[in-house]
Number of protein chains: 10
Amino acid sequence: MAEPPKLASLDSSIISRLPSFSSILFEAKTAQGLTFEQIAAHLGRSELAVAALFYGQAQASAEDVAKLTALLGLPRTGAGAGGAAAAVAQMTGFPDRGRAGPMPPVEPLIYRLYEIVQNYGYAYKAVLNEKFGDGIMSAISFSSKVEKEVDESGAPWVVITLRGKWLPFTRF
Amino acid sequence: MAEPPKLASLDSSIISRLPSFSSILFEAKTAQGLTFEQIAAHLGRSELAVAALFYGQAQASAEDVAKLTALLGLPRTGAGAGGAAAAVAQMTGFPDRGRAGPMPPVEPLIYRLYEIVQNYGYAYKAVLNEKFGDGIMSAISFSSKVEKEVDESGAPWVVITLRGKWLPFTRF
Amino acid sequence: MAEPPKLASLDSSIISRLPSFSSILFEAKTAQGLTFEQIAAHLGRSELAVAALFYGQAQASAEDVAKLTALLGLPRTGAGAGGAAAAVAQMTGFPDRGRAGPMPPVEPLIYRLYEIVQNYGYAYKAVLNEKFGDGIMSAISFSSKVEKEVDESGAPWVVITLRGKWLPFTRF
Amino acid sequence: MAEPPKLASLDSSIISRLPSFSSILFEAKTAQGLTFEQIAAHLGRSELAVAALFYGQAQASAEDVAKLTALLGLPRTGAGAGGAAAAVAQMTGFPDRGRAGPMPPVEPLIYRLYEIVQNYGYAYKAVLNEKFGDGIMSAISFSSKVEKEVDESGAPWVVITLRGKWLPFTRF
Amino acid sequence: MAEPPKLASLDSSIISRLPSFSSILFEAKTAQGLTFEQIAAHLGRSELAVAALFYGQAQASAEDVAKLTALLGLPRTGAGAGGAAAAVAQMTGFPDRGRAGPMPPVEPLIYRLYEIVQNYGYAYKAVLNEKFGDGIMSAISFSSKVEKEVDESGAPWVVITLRGKWLPFTRF
Amino acid sequence: MAEPPKLASLDSSIISRLPSFSSILFEAKTAQGLTFEQIAAHLGRSELAVAALFYGQAQASAEDVAKLTALLGLPRTGAGAGGAAAAVAQMTGFPDRGRAGPMPPVEPLIYRLYEIVQNYGYAYKAVLNEKFGDGIMSAISFSSKVEKEVDESGAPWVVITLRGKWLPFTRF
Amino acid sequence: MAEPPKLASLDSSIISRLPSFSSILFEAKTAQGLTFEQIAAHLGRSELAVAALFYGQAQASAEDVAKLTALLGLPRTGAGAGGAAAAVAQMTGFPDRGRAGPMPPVEPLIYRLYEIVQNYGYAYKAVLNEKFGDGIMSAISFSSKVEKEVDESGAPWVVITLRGKWLPFTRF
Amino acid sequence: MAEPPKLASLDSSIISRLPSFSSILFEAKTAQGLTFEQIAAHLGRSELAVAALFYGQAQASAEDVAKLTALLGLPRTGAGAGGAAAAVAQMTGFPDRGRAGPMPPVEPLIYRLYEIVQNYGYAYKAVLNEKFGDGIMSAISFSSKVEKEVDESGAPWVVITLRGKWLPFTRF
Amino acid sequence: MAEPPKLASLDSSIISRLPSFSSILFEAKTAQGLTFEQIAAHLGRSELAVAALFYGQAQASAEDVAKLTALLGLPRTGAGAGGAAAAVAQMTGFPDRGRAGPMPPVEPLIYRLYEIVQNYGYAYKAVLNEKFGDGIMSAISFSSKVEKEVDESGAPWVVITLRGKWLPFTRF
Amino acid sequence: MAEPPKLASLDSSIISRLPSFSSILFEAKTAQGLTFEQIAAHLGRSELAVAALFYGQAQASAEDVAKLTALLGLPRTGAGAGGAAAAVAQMTGFPDRGRAGPMPPVEPLIYRLYEIVQNYGYAYKAVLNEKFGDGIMSAISFSSKVEKEVDESGAPWVVITLRGKWLPFTRF
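Since we're looking at a predicted model, the values are computed, not measured.

**Quick word on the UniProt feature "domain: Cyanate lyase C-terminal" (unreviewed entry) in chain A**
Mapped onto the present numbering, the UniProt feature "domain: Cyanate lyase C-terminal" (unreviewed entry) falls at residues 99–172 of chain A. As annotated, residues 99–172 of chain A comprises 34% helix and 39% strand, and the C-alpha atoms at either end are separated by 34 Å.

**A few points about the UniProt feature "active site" (unreviewed entry) in chain A**
UniProt's entry tags Arg112, Glu115 and Ser138 of chain A with the feature "active site" (unreviewed entry), counted in the numbering of this structure. With respect to the secondary-structure elements, Arg112 of chain A resides in helix α6 (residues 108–132). The class of Arg112 of chain A is buried, set by a relative accessible area of 2%. Excluding residues within four positions of it along the chain, Arg112 of chain A makes contact with Ile136, Met137 and Ala139 of chain B, Ile140 of chain I together with Arg112 and Glu115 of chain J. Along the chain, Ser138 of chain A turns up in strand β1 (residues 135–150). Judged by its relative accessible area of 1%, Ser138 of chain A is buried. Among the polar contacts made by the side chain of Ser138 of chain A, one reaches the main-chain amide nitrogen of Ile140 of chain A at a distance of 3.0 Å.

**Some details on the relation of the copies chain A and chain B**
It takes a turn of 180° to lay chain A on chain B, together with a shift of 0.0 Å along the axis; the resulting RMSD is 0.0 Å. Such a combination of turn and shift is consistent with a two-fold rotation axis. Measuring from the rotation axis to each C-alpha of chain A, the shortest distance belongs to Thr161 of chain A, at 2.3 Å. Here 100% of the interface residues in chain A have copies in chain B that are interface residues too; the copies meet face to matching face.

**Remarks on helix α4 (residues 62–72) of chain F**
Within an α-helix, residues lying three or four positions from one another point in the same direction, as the helix has 3.6 residues per turn. Residues and elements named next belong to chain F. Turning to α4, its buried residues are Ala62, Asp64, Val65, Leu68, Thr69 and Leu72. The buried residues of α4 all sit within an arc of 150° when viewed along its axis, so they share a single face. Of the residues one or two after α4, Gly73 is the one with positive phi, at around 70°.

**Notes on the pairing of strand β2 (residues 156–168) of chain F**
Strand direction decides the pairing type here: strand β2 (residues 156–168) of chain E and β2 of chain F, joined by 9 bridges, are antiparallel. Of the residues in β2 of chain F, the one forming a bridge with Arg163 of chain E is Val159 of chain F. Pairing of strand β1 (residues 135–150) of chain F with β2 of chain F, which is carried by 12 bridges, proceeds in the antiparallel orientation. Residue pairing across strands places Ser144 of chain F opposite Leu162 of chain F, the latter belonging to β2 of chain F. Where β1 of chain F folds back on β2 of chain F, the antiparallel hairpin that results is connected by 5 residues, among which Gly154 of chain F adopts a positive phi of roughly 90°.

**What to know about the interface of chain J and chain H**
The partner chain H presents 17 residues to the 21 residues of chain J that form the contact. Three residues, Phe94, Asp96 and Arg99 of chain J, lead the burial of chain J against chain H; their summed loss comes to 30% of the area buried on that side. A salt bridge links Arg99 of chain J to Asp11 of chain H, with the shortest nitrogen-to-oxygen separation between them at 3.7 Å. Applying the counting rule to chain J against chain H returns 4 residue pairs in polar contact (both at pLDDT 80 or more).

**So, the relation of the copies chain J and chain H**
With an RMSD of 0.0 Å, chain J superimposes on chain H once it is rotated by 72° and translated 0.0 Å along the axis. A rotation of that kind, with that shift, is consistent with a five-fold axis. When C-alpha distances to the rotation axis are compared across chain J, the minimum falls at Ser16 of chain J, with a value of 8.6 Å.

**Details of the pattern of salt bridges**
Opposite charge on two side chains permits them to pair, given that their charged atoms come into close proximity. Scanning the model with the defined rule gives 123 salt bridges over all chains in all. Note that Arg97 of chain I and Asp134 of chain B form a salt bridge whose closest N and O atoms lie 2.9 Å from each other. Of the two residues, Arg97 of chain I is situated in the loop between α5 (82–89) and α6 (108–132) and Asp134 of chain B in the loop between α6 (108–132) and β1 (135–150); the pairing between them involves two chains. Overlapping salt bridges, with partners in common, bring together Asp11 of chain A together with Asp96 and Arg99 of chain I in one network.

**Digging into the packing of aromatic side chains**
As enumerated under the stated definition, the model contains 100 aromatic pairs over all chains in all. On the numbers, 5.0 Å between centres and 85° between planes, the contact of Phe36 of chain I with Phe54 of chain I is edge-to-face. Residue Phe36 of chain I is found in helix α2 (residues 36–43), and its partner Phe54 of chain I is found in helix α3 (residues 47–54); the two are separated by 18 residues along the sequence. The residues Phe36 of chain I and Phe54 of chain I share a single accessibility class, namely buried. Residue placement shows Lys148 of chain A over the ring face of Phe132 of chain B; its charged tip is 4.9 Å from the ring centre.

**As for the packing of helix α6 (residues 108–132) of chain E against helix α3 (residues 47–54) of chain F**
One can describe the packing of α6 of chain E onto α3 of chain F by two numbers: an axis separation of 8 Å at closest approach and a directional angle of 120°. When the axes of α6 of chain E and α3 of chain F are compared, the pair comes out oblique. Considering how the two elements wind past one another, α6 of chain E and α3 of chain F form a crossing that is right-handed. From α6 of chain E, Tyr120, Ala123, Tyr124, Ala126, Val127 and Lys131 of chain E reach across to α3 of chain F, where they touch Glu47, Leu48, Ala51 and Ala52 of chain F. Looking at side-chain class alone, the contact of α6 of chain E with α3 of chain F contains 8 nonpolar, no polar and 2 charged residues.

**Some points on the interface of chain A and chain B**
With 71 residues of chain A in contact, the opposing surface of chain B contributes 71 residues. Note on chain A versus chain B: buried area summed over both sides is about 7300 Å², and carbon and sulfur give 72% of it. In this structure, the salt-bridge partner of Lys125 of chain B is Glu107 of chain A, at a minimum N-O distance of 3.4 Å. For the pair chain A and chain B, the interface holds 22 residue pairs in polar contact (both at pLDDT 80 or more). Broken down by secondary-structure element, the contributors of at least two residues to the side of chain A that touches chain B are α2 (36–43), α3 (47–54), α6, β1 and β2 (156–168) of chain A. Here the side of chain A that touches chain B gets 24 residues from one element, more than from any other, and that element is α6 of chain A. Residues that form the side of chain A that touches chain B fall into these classes: 42 nonpolar, 13 polar and 16 charged.

Conventions and cut-offs
Residues numbered from 1 in each chain as written. Chains lettered and ligands numbered in written order. Predicted model: local features only at pLDDT ≥ 70, side-chain atom pairs only at ≥ 80, totals over all residues. Heavy atoms only, no water. UniProt positions renumbered as here; feature names shortened; annotations may be inferred. Helix = DSSP H or I, 4+ residues; strand = E, 2+ residues; numbered from the N terminus. Buried < 20%, exposed > 50% of the residue type's maximum accessible area, 1.4 Å probe, protein only. Contact = heavy atoms within 4.5 Å. Polar contact = N/O pair within 3.5 Å; in protein donor to acceptor, adjacent residues only side chain to side chain. Least-squares fit on C-alpha atoms with pLDDT ≥ 70 in both. Arc of directions from axis to C-beta. Pairing = 2+ DSSP bridges. Buried area = accessible area lost by both parts, 1.4 Å probe. Salt bridge = Lys/Arg side-chain N within 4 Å of Asp/Glu carboxyl O. Phe/Tyr/Trp six-rings, centres within 6.5 Å; stacked < 30°, edge-to-face > 60°. Lys NZ or Arg CZ within 6 Å of the ring centre and 35° of its normal. Axes fitted to C-alpha atoms, helices over the stretch in contact; angles between N-to-C directions. Parallel < 35°, antiparallel > 145°, perpendicular 65-115°, else oblique. Left-handed = near helix turned anticlockwise from the far one by under 90°. Nonpolar A, V, L, I, M, F, W, Y, C, P; charged D, E, K, R; others polar.

Put into structure tokens, the structure is as follows:
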């Protein structure tokens, strides 16, 4: 029996931590059988940003919502659209970030990212300070992408790129 | 008055959390006026890995130690070398990782990395699951680098690359 | 397509931490398309205080409620007003403060304020002690405002002012 | 008996959390009988920034160190200066911020600032979002000052101003 | 417009932490427009004890329940009384104390009491030990009251009295 | 064998949490065989305030220090007084409060006070709100005393009085 | 008015932490007016074990369930018994222990037991090690009972007995 | 080779949490080869109480100290006794209880006692409430003992008895 | 009366932490009277993996779902299957691991496993480092099994085997 | 240059958490160039148990100490042996377990073991309950071993076996 393509969905036990549009979007995505890559191509945005938007961690423009509701077959406005339309309209609101999962993360995949910060945090700081001075890499003027590489043995590797503006501490 | 080049050093209040060779290495690095970039070039290793090694978060090979003690003018073996030689010899031991700083991080630079995990953790998971299946990106079969970009307006940007092997969950 | 003005709304996942009038007020505000600045002008109160009132962190006077229900088209009293009227009436009650969000904050905007306390807390204490003696700045006999500045390059800056009565420790 | 002017000093139980120059600076400040206001005037920096520098939460320029060591009568370089000179030299290093005190703060004065964030955090967010859009107030491109006001009844009030650059979330 | 007398009520977000009779009692109290002082007078108990009883932190006698249901117009027994009667009957049960709010308290008024324990805890211990020996002040064989004083300038002061039996540690 | 009068002293394991003058004062107090009641009478201050001062939780005036050093036979100034004089001089500094013991308290006597806040916190809030309005009892414009009562059966009771100024929330 | 005998019941705010049969059992116990002592006598088990069983902390045998449902008038099996029968059937399942209340306990009665462990933990260990060697007292091969004593003055005392098998650490 | 009798001693890593007399007492006990049972017999106190006294969790009378110093060959007073005599004198001071080990306990033996409270806490409360009313078992008017039983199979069992005065909540 | 075979079921208080299919699966398992061993045999997977799958901690293949729904009599697809079919379909999704229970575990059985990590963690590390070098045992390329042994005295022993791939830290 | 065999050693920052003999043993082991496997063979004990013994998590017999001091060239008794002999003698004392590292573990290798408990805890419980009934696997009547396997591709695998006695909950 052929396996259908695997799509990320929402564990029911996490729904109460997310805005109400999250479960609507994920259900529609599953119903349409769309990957984040496909949705991102349609919206002209990064795959990661679109996933963040589904989890309520990024803001949608009105144009994003128009394209997304069309693609996913969701109600956008109008009589009869009911709660779903109101929920979807919240996507253009200001995200209330940072509450999707517990910290330290308990999910093994997310924990590995946390562990990188735990183990290499001071090393990043030392190298960045020497290269840029006293400051931080912004997590706001920031973008990130995920890529796949396959090595000579055929094994897959993940490449995550974090790109943030350097902000020097103001002298005052 | 011309400012001397700024080098990362060790806050005295963090020393008790690190192996004893950490303060010896940082002091020698300051005395020699060397950046991590210079030391990394000498060792043929990544700048970030060398910084991690100074913080006791990565293992040195015997060859690393030989090159490093030569470069930094540190005692390596022999009578009279005293505690410093013994401490330096620990660099080839098995690192006891993860205790350099508190989690959640209180240092603003390190906190920004933590915040990226907090905000985008589930988005990374969703995208990685769709691209690779059920598994994790290894933080062990892993390397990372730090680069500097300057945009058209002359503003500096940090680019951090994380590269880890994809490990699928074993079916059993 | 022109973007509608962006209004702060309530993430559905935070509602259970707030008094029941919070979601009623935010929904009416959205329906009326009003900003906190507009509501504050109507009430003759500070924009920040009005936002705090919506989150159940400040007390409304009976006059505030009268003006607010009129402006937002909410039921205030009378038969048929139902649960909404009762909820709105709670606005003149004694706020049960401090439970809107987790501490340390996970929302990046709120975290930055927390970080200022974390980094500069002792510096504020030292300066305040030298200027005022042994005591505290009250967070009760207290007001705050938010202003916008634009620098010569056109970049926007936030200016937050905190004004609190100085309270010396009683000698006893 | 006339009371001498009160100067902020360092509680001995906090010293191990701070860089080693902190206690050297505070002791010299006490010996010279200087307030932060006086030192700040000498350095041409903000009073708060100078206090932060004493606590290891801000970076000193080489010129700051030159002026400061002269004013406080501290050794700066040279044979025989010993540990103090080395410690003072660390002031131009990259600060390892955020570890001066526990969070939540237990010191009543610092707790009041924390409480303001706890109570008004979401109100600040709502007002800032409506005024500026989706983003944060930077705590890095940031300055702050402390002022004293006296009301008509003669009671003193503290005015703390926080000024940070607005950083919009990057759309990606 | 004359303000009605302000009565303590129950924030809806705290209800799930309290026994089910709490919201019934508070609603009836509001409907009857009664203060805790008035209810306490009717019951012949302390005002504070009555408030504690409403929050499920103290036990009611059968006589208390009889008086209280009469005063508040609540069902006590009998067919048709439904859930309210059952809930009220629980007031004579054994209280499950200590879960009304989080610790450390986030409510500013309650935090101030906590802060007194934090700051003066060891001072109370030292004075009590010298006055009474090795032991504790009971929080069980205990009563407390709240009084209002007005100083010569017309400013109100709170006086809280804690009275507990001294219990010496048993020598064994 | 007659027992000597019992005096509060300092557990050696708590010393690192307190300012350095704490152990000097307690040792001198023990050597002189003085109770806090006797020292308080000599200083004209409250017994509890004097104990707080010994734990670094309250500020001493210059006159307090003069009287205290005379009573306890401690060096105050002058050549040869050494570290003790410097430590004692810190008593007139600005206390760094709140770090004497852990919270929640583990000491049974202090825990009982904490438990009173835990159990009766909301009851105090409700009663104070009804009596005074929306505000807090200050823990800064505050004094406290400890008294002993003996009931008709001869059993001792502790009476602790907390007196704090009422501070209404500013309307803004 | 004669007080009815007091029975332990279930605070409604704790129900969500317990298995669903807990509230069914407690309600039936209240309806039947039975004490744990009476139920224990009927089941031939310890009073404490029966209470633990009601809280989902101990396993019931099929015979226990038969006796208990008969005594309490509860449905056990059969059409029409509905959810209650299913819930009761869970009593013979494997208990998911340890989640009834928070740790550290906030309930004063339970806290006192916790405090005994906190204060005397190492003393118990030292005495047990000397008496039995290197090992532990099992909390699994374990029983406990509660008894009442009245001293010569008529004051009641609680006697709790803990009896556990000694398990020596395996040498390997 | 015959094993010497095993005596409880002090792990060096716990010493900083205990009063300074703890290590002096344990070392002398080891040197004299005495068990707590032997010391308790000499002092006429409970074995557990003596162990608690060694850990700084119970108070010694002057007579206890006299007997103990004689038995252990410790200096008690007099010139030349030095720090040990001063430390021993602290045994009659007021214990600063509860800080010997972390909570939750990490030591397996102590954890088992904690687990009993965690699992059976509410069961103890229910049974005690039904037997005694609304109140607590005192941990202050309290004694405890440890006994050894051997069952018919020769296996050893621990019997711990906790005996505390019942304290009813005061009605006020 | 013969006891029916005991099956693991789901405590109702844990359901909200698990995906919605968990309670559906456990109920069907109970209804069919099947053990994990029987289900595992039917699926051709490990007994432990099947239990993990029921708790939402492992991924099911489409074939697993087909076999499982057939065995348990669950709807898999089609009109009228309703929520159960959708929930079951989620079993092939990407598990959101790690949230089934609190850490540290409060369930005694799970705590014992945690305690093994707590007590022997560094010993495992030291032995693994010496045997394999600098790296970790994967918990992803990982399988585990549970076996029963009976010793010569007839006492049952649990044997848990953990088998994970060794991953050396990448040198970079 | 040939790398010397790698031996597990002690990170200097962990020493204060361990008994004083730990650093003595590790230093002697390094000086003698011995692996745990070699020491275990000499002692006739498990490699893991010997490592645990070095970390103060297991008890040594007098015979273990005799063999170990002979093998490592350590003083055992006698004049002039000094502190080392006393420290070594402590190895036969009762271990104060569980404090070697923080929980949750920050060391990646140890964290993986913790993660197995976090992810599979309830699955182990369900399987064990069905196989053995209501009880636990003892972590005291317990042994464990570590083995190395190499798969057909030459990749190394770790096999950890945990073997503990099954303890059924006592019915009482």
